[in-house]
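Reading the structure
So you can see what is in the structure, the chains are spelled out below.
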Amino acid sequence: MSEISQSSSRPRRLRFDRHASAILLVAASLLYIVLIVALGQTRFLTLDNLVAILGRSITLGITAIGQTFAILVASIDLSVASLISASAVVTSVVMNGDPAMMFPAISAVLALGAIVGLINGLVISKLEVNPLIATLGMSLIIQGVLSYYYNNFAGNVPAEFQIFAYGAVGIVPYSLIFMFVLAGLAWFVLRFTRFGSNIYAVGGNQDAARLAGINTARVVIGAHVLCSLCAAIAGIYLASRLRSGAPWIGAEGVYDLESIAVVVIGGTVLAGGRGGIWGTMAGVIIFSLIDSIFNVLGVDAFVKQVLRGIIIVVAVAFYAARSRRPVA
Amino acid sequence: MTQDVLSQGAEPRRRLPQINPVYILVVVLILAIVVMNPAFGEPTGYMNYLKRVAALAILSGGALYVIISGGFDLSVGSTMTLTVIGSSMLASNDPNSTYWIIPLMLGIGVVIGVINGLVVSYLKVPSLIATLGMMISLNGVAFMWSGGAPRGYLPDTFRFFGRYNIADLPVISILPIAVICLVVFGAILWWRQPAGGAPCRRSGGTHSHLRLRRLFAHRSFGGCDPRRPGRRFGQYRLGFRIAGHHGRGDRGRTIARWARLGARHHRWRPGARSHLHPAQPPGTGAAGPVGGAGTHSHRCRGFRHLSAATRRPMSAGARPPGCPSQQGLTISRGRIP
């Protein structure tokens, strides 16, 4: 679809929409570099530091990749934060320091993610419950079950498993490579597979997609399963990084809302059907760049939070304000 | 919108039951609770229950306005945090301060609501993102204001609204002030609802009309009724739980308990995670968490509209603003797409 529309003469406004996340990313990077040079802190201007900036938001990145799928089908997933907590706890409890249990633990967590996504998708597409409410309910259920059984760090992961978070090729951590490979896979699915184009079709106009012969329910369910699987993987990563899982780590990181914010900043329209993975990755990097800029400037932690909220709104307003489409 | 026309032809329209299932659910839940815990059937039991749910009930009454207009407000939790912190810091145990603190906090609510509404209406930021940004910012402001640690103390004149019961009444025996506030604000919300809701749902509503109404809804959510009592009760409730509940009101102890509360939650945030809660009762037709409260009839009634209206944020933005009247029609029918 993009080839056709690109070759025909497009209105400028849509072009802008398309590249807005890249513009924001370049602006954030330039600001960072200018600030570093202006403050004379050139020690931050190294490849090591770049990798560190990217590596800071791997959990958010993995979650946001999944969230992109959910938002592209005009749905949303608020249950990712609880699912991250649940996956981290299940990972560390099942492994419990035993390297032999690594494979069963990962399988169990992925199964958990798939089941949660399946239920989310079924409730949304078959029972026609509003996605916000359906996934919020799912989130409360997961959190409730989790806090019933655990109230602190539980279990621990073996040293072999911590390689996932701490191992590196040269200076690039495995987990960072993993995130980009995952993003590449997601891009491939969205760009080159039938499922991917169905996602855009269903997100753009569900009824038209149904009339065109697409099984919309299956697409919505598929998107939610992918979203939950990504959240489960993010939980596995967090368990590996923290060496144990706790029932609050997902909620503490506000991964549900932050992942949505990142996806939207990346240019994916909350109403579905428009956007992509690389925008999301740009959004993730913008988020970590903002944090780094604040750190370099030495902004007070509380002021930082205020500015962060404002930046989220301004970044989205940056291109939403020009759009003539109605918003929600 | 075109897809509505298409879908109408494609599938038979489903008739919703005449009685909203939420009413049945509420009755069943109340009966179940009474069977399990007979004390709940006593006037004291349900009055105390109403007292406890007052904050959430009023909060969700406000959320109804925003949700009907097709938006969503995540910032209510942090608004509560901000006003709890703000009023306890400003009050500093001066009984006379209540009279200007409550209007001031209402004013903060108005300002926050207006900003949310303007950002959504004119900058066209999706309300989810706009209010998410507001939520994060307000938490930061609350931290800045308090310096990260709870300070101040609330005088009894302030806590009166959430804590005191009128005792020795016939039939109901006690009547908490909180329940009176709940009824008053519920009535105001119910009375104001046509102004905020109907134009959004009216079939002939134009898009700009809808937009204006959305601004209005955000404003009224932020300012007029819901948040203020939410705050006030939230604050009050917090005070009650932490100081009153343990039978000691002295300052040091209260702060210690607040600090402990903070330790338990890892961060001191009274309104933490409540950003999503008020959305639930309207979303579910006010079933579970606030069942039985008298002011929810409008929320229940609005349920059908809500189901459609909350669907809008997901589906409306993708399409050109072609046929707003269709959109209005859909919302008015409350058809779950």
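Heads up: these notes are all about the structure in this document. This one's a predicted model, so the numbers in the text were calculated from it and none came from an experiment.

In terms of regular secondary structure, chain B is built from 15 helices and 2 strands. Buried residues in chain B amount to 53% of all 337 residues. Summarising the internal contacts of chain B: among those between residues at least 6 apart in sequence, 81% fall at separations of at least 24.

Judged by nonpolar contacts, the single largest core of 156 residues is most densely connected at Val-73, Ile-84, Ala-223 and Ile-312 of chain A together with Ala-54 and Ile-129 of chain B. Here this core takes 17 residues from helix α12 (residues 216-242) of chain A, the largest share from any one element. Ignoring any residue separated from it by four or fewer positions in sequence, one finds Val-73 of chain A in contact with Ile-199, Val-202, Gly-203, Val-219, Val-220, Ala-223 and Gly-272 of chain A.

With that settled, the discussion passes to the packing of helix α5 (residues 80-95) of chain A against α12 of chain A. Residues and elements named next belong to chain A. Close contact between α5 and α12 brings their axes to 7 Å; oriented N to C, the two are set at 50°. As judged from the angle between their axes, α5 and α12 are oblique. In this structure, the crossing between α5 and α12 has a hand that is right-handed. The residues of α12 that touch α5, namely those facing Val-80, Leu-83, Ile-84, Ser-85, Ala-86, Ser-87, Ala-88, Thr-91 and Ser-92, are Cys-227, Ser-228, Ala-231, Ala-232, Ala-234, Gly-235, Ile-236, Leu-238 and Ala-239. Residue composition of the contact of α5 with α12, by class: 12 nonpolar, 6 polar and no charged.

Each pair of packed helices can be described by the angle between their axes along with the distance between the axes. Residue and element names in this part refer to chain A. Between helix α4 (residues 58-72) and helix α9 (residues 174-192), whose axes approach to 10 Å, the crossing angle comes to 15°. With respect to each other, α4 and α9 are oriented roughly parallel. For α4 against α9, the interelement crossing comes out left-handed. Here α4 contributes Ile-58, Gly-61, Ile-62 and Ile-65 to the contact with α9, which in turn contributes Ser-175, Leu-176, Met-179, Leu-182, Ala-183 and Ala-186. The residue inventory of the contact of α4 with α9, partitioned by class, reads 8 nonpolar, 2 polar and no charged.

Residue and element names in this part refer to chain B. With 0 of its 5 residues buried, strand β1 (residues 165-169) lies for the most part at the surface. Where β1 meets strand β2 (residues 173-176), 3 bridges bridge the pair, whose relative direction is antiparallel. Pairing of Ile-166 across the sheet is with Leu-175, part of β2. Hairpin connection from β1 to β2: 3 residues lie between these consecutive antiparallel strands, with Val-171 at a positive phi of about 65°.

Within the element layout of this structure, Val-299 of chain A appears in the loop between α15 (277-297) and α16 (301-320). Setting aside its immediate chain neighbours within four residues, Val-299 of chain A contacts Phe-294 and Lys-304 of chain A.

What follows is about the environment of Met-80 of chain B. As for its placement among the helices and strands, Met-80 of chain B is situated in helix α4 (residues 76-91). Taking the C-alpha atoms as reference points, Met-80 of chain B and Asp-168 of chain B, 88 residues apart in sequence, are found 33 Å from one another.

Residue and element names in this part refer to chain A. Position of Ser-228 among the secondary structure elements: in helix α12. By C-beta crowding, Ser-228 is classed as buried, having 31 other C-beta atoms within 10 Å. Between the C-alpha atoms of Ser-228 and Phe-294, which are 66 residues apart in sequence, the distance is 32 Å. Discounting residues that sit within four places of it in the chain, Ser-228 has contacts with Gly-66, Leu-83, Gly-113, Ala-114, Val-116, Gly-117 and Asn-120.

Even without glycine at this site, Asn-96 of chain A takes up a positive phi of about 45°. Within the secondary structure, Asn-96 of chain A is located in the loop between α5 and α6 (102-125). Classification of Asn-96 of chain A as partly exposed rests on a count of 14 C-beta atoms within 10 Å. Even without being glycine, Lys-124 of chain B reaches a positive phi, approximately 60°.

Parameters and conventions
Residues numbered from 1 in each chain as written. Chains lettered and ligands numbered in written order. Predicted model: local features only at pLDDT ≥ 70, side-chain atom pairs only at ≥ 80, totals over all residues. Helix = DSSP H or I, 4+ residues; strand = E, 2+ residues; numbered from the N terminus. Buried ≥ 20, exposed ≤ 12 C-beta atoms within 10 Å, placed from the backbone. Contact = placed C-beta atoms within 7 Å. Core = buried A, V, L, I, M, F, W, Y, C linked by C-beta atoms within 7 Å. Axes fitted to C-alpha atoms, helices over the stretch in contact; angles between N-to-C directions. Parallel < 35°, antiparallel > 145°, perpendicular 65-115°, else oblique. Left-handed = near helix turned anticlockwise from the far one by under 90°. Nonpolar A, V, L, I, M, F, W, Y, C, P; charged D, E, K, R; others polar. Pairing = 2+ DSSP bridges.

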